[in-house]
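Residue-level structure breakdown
So you can see what is in the structure, the chains are spelled out below.
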Amino acid sequence: MSGINEENTHRTIERVARESYGRLVAYLSVHTHDLASAEDALSNALVSALTHWPKDGVPQNPEAWLMKAARRSFIDVVRHHNVMQSSVPTLKFLKEDSVKTFVAEFPDERLKLLFVCAHPAIDPAMHTPLMLQSVLGLDAARIGQAFLIAPKTMGQRLFRAKTKIRSGGIPFEIPQEPDLPERLDAVLEGIYAAFGIGWDDMAGTDQRGRDLAEEAIWLARVLLQLMPGEAEVQGLLALMLHCEARRPARRGADGRYIPLSEQDPKQWSFPLIEEAEHHLTKAFKRARSGRFQLEAAIQSVHAERARSGRTDWMAILLFYEQLLRVSPALGTQIGYAAAVAEANGPETGLAVLDAMDLEAVSHYQPYWAVRAHLLQRIGHAREAADAYDRAIGLAEDRAVKEFLLQRRG
Amino acid sequence: MQFALLIYHSPEEFAMRKNEYNDPHLGAWRAYYKALVEANVYVGADALEVAETATTVRLREGKRRVQDGPYADTKEQLGGFIILELPSIDAALEWAARCPGASLGAVEVRPLAPEAKRRGFTGEWNQ
């Protein structure tokens, strides 16, 4: 009996930790400007919950209980980090009357925390890892794994970034116009990067990618709750949902890689597509176009094949032309070249690829994959085989390698 | 900066290496080497014969002890190595992940010791 209770309690702690982690860390760090100590204090509180809750029962307001415990442990954490001299906000925060301040409800400060994580003063490569750790509570080992960085190194980089947050005077606030669009873009980029790790390498069954994709969607949902009026937030969510909808179709029963054009639409997830379309329609109504809405629109055209049985490449090409104007990233240029090839013939697509800077694409796998495919279509077998070799050599996923090897012949 | 990718094969992967030229497994390796060379990071590489062909030598109290088989008796065995010239460990891990050996066995990434230390080992120090 007590075994079951204990299990239930553990599950409750897990759920509360998952749902409240970001809210608690955000609240603590916004008031102390000390993200590292906030996280440590909260993990102490969670450990304490693991010992107290099974005995005393789950408190009526678990979040408030955790907050109280985290605050109590904060003083030890700060002493341990030896940062008293630089933490006036911390001292002020700890001095406040804990009984009075700790009412059941505390404001959701996650938005401020997200903006801190994606602040321009912080190395852009650390934006996503910081978000994953501070808002979702992922540990350095797991983040390192996803980013292909040794856990210890990732831990050190996160620590350095947090030191900068504490002592670099980075404000814990929501940016105002006219800075808002650019700052919001950095937050969206950070979330999309997490999703992209699971997507760019096309590894549909790779656990490391799948987990992170789910976390990214979760983050986007949180952000949409906090900024319901932002079209680009909704655009990003729509984009990720469209991609996620196709996950089951990306692999054959034997684990074989299946490219989008050969996927069976019956295997796509229609609830996810519907949800994506719902967000995209609402975003478009705000008439504030942007990169993520355009990318979502391209995915929406692909999804349309489930109904019409064909892909409207002209429509995709038009969206890519708009997208290139706002975001000329390497991936966009490759997508554009592929769309040009489908709409106007492989030679025109190749001309777009030829015009790209060879230095920039020498390590970029999608460039070589698309190039190989187009060369093959116009019958340049030798050049195609060379390009396939480059694409295979740069690919990470085994199924993708095998797929390309087969095409290469 | 130079890095060694030490490629550890499972017995299955060693067995695959016996296959002929058109084998997709070999195709993946060929493409990988080509990508390394064309990215201008390749310094050198070689493959080793299966671990059963190894002989391990120790000198103890002046006596030679020769043992049949590899130094460590593990399931996965060193199957080859690649030396790459790269700007950082991050880049080395990227290339290790692309290595066909990573999806079947394991690829250990180790920085080569700095040149001054290496000279000490190879005797170039005195020149």
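What you see is a predicted model; the values in this text were computed from it and never measured.

1. A few points about the pairing of strand β5 (residues 77-85) of chain B
In this sheet, β5 of chain B lies alongside strand β1 (residues 2-9) of chain B in antiparallel orientation, the contact comprising eight bridges. Opposite Leu6 of chain B, over in β5 of chain B, you have Phe81 of chain B as the bridge partner.

2. Things to note about helix α6 (residues 110-117) of chain A
For α6 of chain A, the buried fraction is high: seven of the eight residues fall into the buried class. All buried positions along α6 of chain A are accounted for by Arg110, Leu111, Leu113, Leu114, Phe115, Val116 and Cys117 of chain A.

3. Quick look at the sheet that holds β1 of chain B
Residues and elements named next belong to chain B. Taken in spatial order, the four strands of this open sheet run β2-β5-β1-β6, and their pairing is antiparallel. Edge positions in the sheet fall to β2 (42-47) and β6 (106-111), since each of these pairs with one other strand and no more. The average undirected angle you get between the axes of adjacent strands in this sheet is 20°. Where β1 and β6 come together, six bridges link them in antiparallel fashion. Bridge pairing links Leu6 to Glu108 in β6. The strands that helix α2 (residues 24-38) touches are β1, β2 and β5; relative to β5, the one it contacts most, it runs at about 25°.

4. Some words on helix α19 (residues 365-377) of chain A
All names here are of chain A. An ideal rise of 1.5 Å per residue puts 18 Å on 13 residues; α19 measures up with 19 Å between its terminal C-alpha atoms. Turning to α19, its buried residues number three or more, namely Gln365, Tyr367, Trp368, Ala369, Val370, Arg371, Ala372, Leu374 and Leu375. Where α19 is buried, its residues contact α16 (330-344), α17 (346-354), α18 (358-361), α20 (381-394) and α21 (398-408). At the C-terminal side of α19, Gly379 shows a positive phi close to 85°.

5. Side note on the nonpolar core
Generally speaking, soluble globular proteins have nonpolar side chains that are buried together. Among the nonpolar cores identified, the biggest contains 84 residues, and Ile191, Leu223 and Met240 of chain A are the most heavily contacted of them. Three or more residues apiece are contributed to this core by two domains, here domain 1 (2-101) and domain 2 (111-165 + 180-248) of chain A. Leaving out residues up to four positions away in the same chain, Ile191 of chain A has contacts with Met131, Ala216, Leu219, Ala220, Leu223, Leu236 and Met240 of chain A. Counting 49 residues, the second-largest nonpolar core is a separate cluster that includes Ile334, Val361 and Leu374 of chain A together with Trp95 of chain B.

6. Topic: the packing of aromatic side chains
Aromatic rings considered in pairs are described by the distance between their centres and by the relative angle of their planes. Residues and elements named next belong to chain B. According to the stated counting rule, one finds ten aromatic pairs over all chains in the structure shown. Ring centres of Tyr33 and Tyr42 lie 6.2 Å apart, and the angle between their planes is 85°; on these two criteria the pair is classed as edge-to-face. Since its relative accessible area comes to 26%, Tyr33 is described here as partly exposed. Here a set of aromatic residues connected by ring pairs shows up, and it is made of Trp29, Tyr32, Tyr33, Tyr42 and Trp95. Arg98 extends its terminal NZ or CZ atom over the ring of Trp95, reaching a point 4.4 Å from the ring centre.

7. Thoughts on the pattern of salt bridges
Across all of its chains, the model carries 26 salt bridges over all chains by this definition. Residues Arg291 of chain A and Glu295 of chain A are paired through a salt bridge, measuring 3.0 Å at the closest nitrogen-oxygen approach. Remark: Glu295 of chain A and Arg291 of chain A occur in helix α14 (residues 291-308); sequence separation between them is four residues, near one turn of the helix. Taken as a pair, Arg291 of chain A and Glu295 of chain A share a single burial class, namely buried. Two residues, Arg390 of chain A and Glu38 of chain B, come together in a salt bridge whose shortest N-O distance is 2.3 Å.

8. With respect to the pairing of strand β4 (residues 63-68) of chain B
Residues and elements named next belong to chain B. Counting buried positions over the six residues of β4 gives zero, only a small fraction of the element. The pairing of strand β3 (residues 55-60) with β4 spans six bridges and is classified as antiparallel. Its bridge partner being in β4, Arg60 is matched across the sheet by Lys63. Hairpin geometry of β3 and β4 is characterised by an intervening segment of two residues between the two adjacent antiparallel strands and by a positive phi of about 50° at Glu61.

Parameters and conventions
- Residues numbered from 1 in each chain as written.
- Chains lettered and ligands numbered in written order.
- Predicted model: local features only at pLDDT ≥ 70, side-chain atom pairs only at ≥ 80, totals over all residues.
- Heavy atoms only, no water.
- Pairing = 2+ DSSP bridges.
- Helix = DSSP H or I, 4+ residues; strand = E, 2+ residues; numbered from the N terminus.
- Buried < 20%, exposed > 50% of the residue type's maximum accessible area, 1.4 Å probe, protein only.
- Axes fitted to C-alpha atoms, helices over the stretch in contact; angles between N-to-C directions.
- Contact = heavy atoms within 4.5 Å.
- Expected span 1.5 Å × (residues − 1).
- Core = buried A, V, L, I, M, F, W, Y, C linked by side-chain atoms within 4.5 Å.
- Domains from an automatic or database assignment.
- Phe/Tyr/Trp six-rings, centres within 6.5 Å; stacked < 30°, edge-to-face > 60°.
- Lys NZ or Arg CZ within 6 Å of the ring centre and 35° of its normal.
- Salt bridge = Lys/Arg side-chain N within 4 Å of Asp/Glu carboxyl O.

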